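# A look at the structure
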Amino acid sequence: MSLSRQFHRVWQFWNMRRFWVVIVDAYVALAAFFVFIFVRGRGRGRRRGKGKGEGFQRTCVPHHFGGAKSIPVKPISNKYREERITLCDAASVLKQLLREENLNPRQPPQTNAVIQTILTYLEAGRIRKATSVLFAFPKSFPYSFYALFFRLCSSYGAIVEARKVESHLLTFSRNPPIFLLNRAIESYAKCHCLRDAHELFDEMPRRDGGTWNALITAYSQLGFPNQVFSLFLCMTRSGVCPSEVTFASVLASCGAVSQLLLSKQVHGLVTKFGFCGNVILGSSLVDVYAKCGVMIDARRMFHEIPQPNAVTWNVIVRRYLDAGDAREAVFMFSRMFSTAVQPMNFTFSNALVACSSLSALQEGMQIHGVVVKLGLQDDNVISSSLVNMYVKCDKLEDGSRVFDLLGSRDLVSWTSIVSAYAKSGKTLEARKLFDKMPERNVISWNAMLAGYVRCFEWSEALDFVYLMRNEIKYVDHVTLGLMLNVSAGISDHETGKQIHGYIYRHGFHLDIRVSNALLDMYGKCGNLNSAKIWFNQMSKWRDRVSWNALLASYGHHQLSEQALTMFSEMQWETKPSKYTFGTLLLACANTFALYHGKQIHGFIIRHGFQIDTIMRTALVYMYCKCRCLESAIEVLKGAVSRDVIIWNTIILGCCHNHRGKEALELFVMMEAEGVKPDHVTLKGILLACVEEGLVDFGTECFNSLSSKYNVLPRLEHYNCMIELYSRHGSMHELENFMRTMTIEPTLPMLERVLDACEKNEWSRLGEYITEKINAFKY
DNA sequence: ATAGGGTTAG
């Protein structure tokens, strides 16, 4: 065994530091190997060590070696794999064995036999074991074998093993080929050890383009774009020509920093080096332009690619979705089918997300058809997206059917369906499904909790939080936000403060969403002072949502004037949004501040803000509340389309302004536009009847509530009817109504009826009602 | 030999 020759050769090529690594590796390998032989020969065990999880660290070796301290190494024998050998032990054993071997030379096993053993281990997935055997064998292997090892180390993320393979390669190969060392760099990068990768890069006596690519790719994939750019500069300066691969990584980094100018320069270089026809680089350029926010250039780039592949299409669809242009995303997805390229599952999911954001049920269903036609309905990504699409298009039953037909349901599809039921207000069904889930994570718990919060079912939400606390260990920012919503919903300032403490202790307060929820909680719990203090404390990281929350809490405290003052301060820091205007208008409405309300309206118009349905509804509400019905109607008429909520707002607004006739006229217009009235609308109609004294029409409406409008009569409708008959002295109708009522009347209802009986001297009904009231009291 | 996109649930 020519250890000294190895020594010499290695010495020549590698610097001091690497030399120690190699030589120690060699020593340990030899020692381990001979111990193996030795122990096997003796057939006796040694003391057992801890062994597990102890890594052999290349960088640590010199240090330990100098101090002659114990270095844990991976033993090789199967039987004694848990043994621990210190370096001192190893050295002495080695010495002894070397002497022994000199006296009694032993043939090392044949390379082929060792390869066979290693392959057996690799097939069993035992990479550690395989590496140990490789490491212990004091002879060079074929290069392809090393390459295989590096590949496996990458996929297992086995850094220790990768280091061992590199050591072995350097020790026993006269001239390790550059490409193998490039593989080593890649392995280190895949194991997230950039230090090892860069160290090896620095120490390599010769490099090729692949070496640079390996390092650049490493920095790019681990998210260090600036290092990528400086390495790229070094590379070109040292005269190495960048290849397609180099540009792929550089472009990925350009996308990560979203810098248009830089990206354009790189684009120029790509063209200059003649890589324009490369579909991968083309797709990357599409991606980069889109990430820089220039969809027009992205689209142009897309059209320059002669044959876009599935990835290219995926990029363009996804980027349109990110840019908020869901229509174009769906359009591009449909264009894909005029080519021979089949979309990937992620592309299907992106297109379906785009459909749900557009509520484009027709298109979503067409995509569903394609999915079935291509036999992709069992793909978990696609099927979960389908469930979501149906749910977001208000087709809960269809979503649920897709879920029921699913062959294999994973955590995501379960969570999707639970969330679907929870979000559409069916918390009982959602809970049933939730309890049936085979496994849950924090997202599933949050989905269920969000359902309770959305439906204002506070006591269920509280019970659920207690359950959640016992069942899962860690909550996240969404859970905390929801818990704050619960505190805000029940105005529980104390619990809110405790959650604040938890948030602070766990560092969640730096999350803007959590800190905004906190602000909202303080505002809704009526603690304006705490809200203001917290708002000031977040001055470093607050956003416009924080401002809106603060404005809302001013509005909550009937301080519309101060809200407006805050609004002008807000504009020094951030731009208002539609929520800002909604909040301000609500504050004006609640304080009947017509002057301020008009100011806001003027501001919206002057600054050219698009008035959406929600803002328009807020304006209508404000004008109604401020008794400015004409303006309200004018705003309503300015809408391109009107939903049931804005109609309800104006109809109820008319009633509050004692203008029942207008309310009924608007109702006719609403029906003519094809908007379906709901229970609120019908309450408005009944109130209009009360205002106008339309007893017969009111009765007719009430009687056709469920038959004509598909609305179940609620308490408030009964209230309206009682008020209608009582106020207009229709005692026959009132008596008939009270005696045939299918629900149990409330005490205020009975008192109202009794009042009417007394006023109209209708004692027969009065006695009946008195009895009922007495029954109530005792 | 190496490169691009994407993670559907709250």
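Here the structure is a predicted model, which is why all the values come from computation and not from measurement. (Residues numbered from 1 in each chain as written. Chains lettered and ligands numbered in written order. Predicted model: local features only at pLDDT ≥ 70, side-chain atom pairs only at ≥ 80, totals over all residues. Heavy atoms only, no water.)

Broken down by element type, chain A carries 45 helices and 0 strands. Among the 778 residues that make up chain A, the fraction classed as buried is 49%. For chain A, long-range pairs separated by at least 24 residues make up 62% of all intrachain contacts whose partners lie at least 6 apart in sequence. Surface exposure of chain A reaches about 39100 Å², of which carbon and sulfur atoms provide 54%. (Helix = DSSP H or I, 4+ residues; strand = E, 2+ residues; numbered from the N terminus. Buried < 20%, exposed > 50% of the residue type's maximum accessible area, 1.4 Å probe, protein only. Contact = heavy atoms within 4.5 Å. Areas by Shrake-Rupley, 256 points an atom, 1.4 Å probe, with all protein chains shown as cover.)

What follows covers the protein's contact with DNA strand B. In the neighbourhood of DNA strand B, 41 residues make up the surrounding shell, with R319, M344, F346, V381 and N446 lying closest. Across the atoms of DNA strand B situated within 4 Å of the protein, the share located in sugar and phosphate is 46%. V381 places a main-chain nitrogen or oxygen 3.1 Å from a base oxygen of DNA strand B. Per-element tally for the surface near DNA strand B: the top contributor is helix α23 (residues 411-423), with 6 residues. Broken down by class, the residue content of the surface near DNA strand B amounts to 15 nonpolar, 17 polar and 9 charged. (Near = heavy atom within 4 Å. Polar contact = N/O pair within 3.5 Å; in protein donor to acceptor, adjacent residues only side chain to side chain. Nonpolar A, V, L, I, M, F, W, Y, C, P; charged D, E, K, R; others polar.)

A few words on the packing of helix α39 (residues 679-692) against helix α42 (residues 715-727). The interhelical angle for the contact between α39 and α42, taken along N-to-C directions, is 5°, at an axis separation of 9 Å. In terms of orientation, α39 and α42 fall into the roughly parallel class. Taking contact as the criterion, the partners of H679, L682, K683, L686, L687, C689, V690 and E691 in α39 are, on α42, E716, H717, C720, M721, E723, L724 and R727. Here the residues of the contact of α39 with α42 are counted per class, giving 8 nonpolar, 2 polar and 5 charged. (Axes fitted to C-alpha atoms, helices over the stretch in contact; angles between N-to-C directions. Parallel < 35°, antiparallel > 145°, perpendicular 65-115°, else oblique.)

When charged atoms on two side chains of opposite charge get close, those side chains can pair. For the structure on display, the rule yields 24 salt bridges. The shortest N-O distance in the salt bridge between D287 and R319 comes to 2.6 Å. In this pair, D287 is assigned in helix α15 (residues 279-291) and R319 in helix α17 (residues 310-322), connecting sequence segments 32 residues apart. In this structure R319 comes out as buried when scored by relative accessible area, which is 15%. R299 is the salt-bridge partner of E328, the closest N and O atoms lying 2.9 Å from each other. Residue E328 is located in helix α18 (residues 326-335), and its partner R299 is located in helix α16 (residues 295-304); the two are separated by 29 residues in the primary sequence. On the basis of relative accessible area, E328 is assigned to the partly exposed category, the value being 21%. Note on R299: relative accessible area 16%, which makes it buried. (Salt bridge = Lys/Arg side-chain N within 4 Å of Asp/Glu carboxyl O.)

Another aspect to go through is the packing of aromatic side chains. Two aromatic rings are characterised by how far apart their centres lie and by the angle between their planes. For the structure on display, the rule yields 30 aromatic pairs. Aromatic side chains F201 and W212 sit 5.0 Å apart centroid to centroid with 80° between the ring planes, which places their arrangement in the edge-to-face category. In this pair, F201 is assigned in helix α10 (residues 194-203) and W212 in helix α11 (residues 209-221), connecting sequence segments 11 residues apart. In this structure, F201 and W212 share a single accessibility class: buried. (Phe/Tyr/Trp six-rings, centres within 6.5 Å; stacked < 30°, edge-to-face > 60°.)

Generally speaking, a soluble globular protein has its nonpolar side chains buried in company with each other. Membership of the largest hydrophobic core comes to 219 residues, with the highest contact counts inside it found for I118, F141, I650, F737 and M738. Sequence-distant contacts of I650, defined by excluding residues within four places in its chain, comprise V620, C624, A632, I633, L636 and L666. (Core = buried A, V, L, I, M, F, W, Y, C linked by side-chain atoms within 4.5 Å.)

Residues given the UniProt feature "repeat: PPR" (unreviewed entry) here are residues 208-242, 309-343, 410-444 and 643-677. Structurally, residues 309-343 comprises 66% helix and 0% strand, and the distance from its first C-alpha atom to its last is 9 Å. (UniProt positions renumbered as here; feature names shortened; annotations may be inferred.)

Low pLDDT marks regions whose predicted coordinates should not be analysed in detail. A residue-level look at chain A finds 86% of positions with pLDDT of 70 or above and a mean pLDDT of 84. Under a pLDDT of 50 for its full length, residues 1-25 has, in the predicted model, 43 contacts with residues more than four places off or in other chains. (pLDDT = per-residue confidence, 0-100.)

A word on the packing of α42 against helix α43 (residues 731-740). Their axes nearest at 8 Å, the elements α42 and α43 cross at an angle of 150°. The orientation of α42 with respect to α43, classified from their angle, is roughly antiparallel. The hand of the α42/α43 crossing is left-handed. Counted together, Y718, M721, I722, Y725 and S726 of α42 and E733, L734, F737 and M738 of α43 form the full contact between these two elements. (Left-handed = near helix turned anticlockwise from the far one by under 90°.)

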